[in-house]
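These are the residues of each chain, in order.
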Amino acid sequence: MTSTTIKVETGIRDELARLAADELGGVTLNAALSHLLTEHRKAAVLAAYARLEADPAAWKGYESELGEWDGLAGDGLGGGQ
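Residues numbered from 1 in each chain as written. Predicted model: local features only at pLDDT ≥ 70, side-chain atom pairs only at ≥ 80, totals over all residues. Heavy atoms only, no water.

Draft legend 1. The arrangement of the packing of aromatic side chains in detail. Taken as a whole and judged by the stated rule, the model has two aromatic pairs. Summarising the aromatic geometry, the rings of Tyr 49 and Tyr 62 are spaced 5.6 Å apart at their centres and angled 65 degrees between planes, so their arrangement reads as edge-to-face. Here Tyr 62 lies in helix α3 (residues 56-72) and Tyr 49 lies in helix α2 (residues 29-54), a separation of 13 residues in the sequence. Between Trp 59 and Tyr 62, the ring centres sit 5.1 Å apart and the planes meet at 40 degrees, which makes this aromatic pair tilted. Of the two residues, Trp 59 and Tyr 62 are both situated in helix α3; the distance of three residues between them amounts to about one turn of the helix. Since its relative accessible area comes to 23%, Tyr 62 is described here as partly exposed. One aromatic cluster in this structure is built from Tyr 49, Trp 59 and Tyr 62. (Phe/Tyr/Trp six-rings, centres within 6.5 Å; stacked < 30°, edge-to-face > 60°. Helix = DSSP H or I, 4+ residues; strand = E, 2+ residues; numbered from the N terminus. Buried < 20%, exposed > 50% of the residue type's maximum accessible area, 1.4 Å probe, protein only.)

Take a look at the structure:
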């Protein structure tokens, strides 16, 4: 693994260190940043699904497409809807 140096304010570094120690089981700051980035990506995906679900026509199209893909799975479980 290669590494680099980034400049962050001392307060941000300290807050990240506290989060790593207190909430993430004492992981490294690198692991804490990785965790936060993963959580951010998950939140973005969930927000996108919420926007999609808020549009009834778009959501119906999404569910229809899911059914088509599920039918191609060949697992014998049906459309899943």
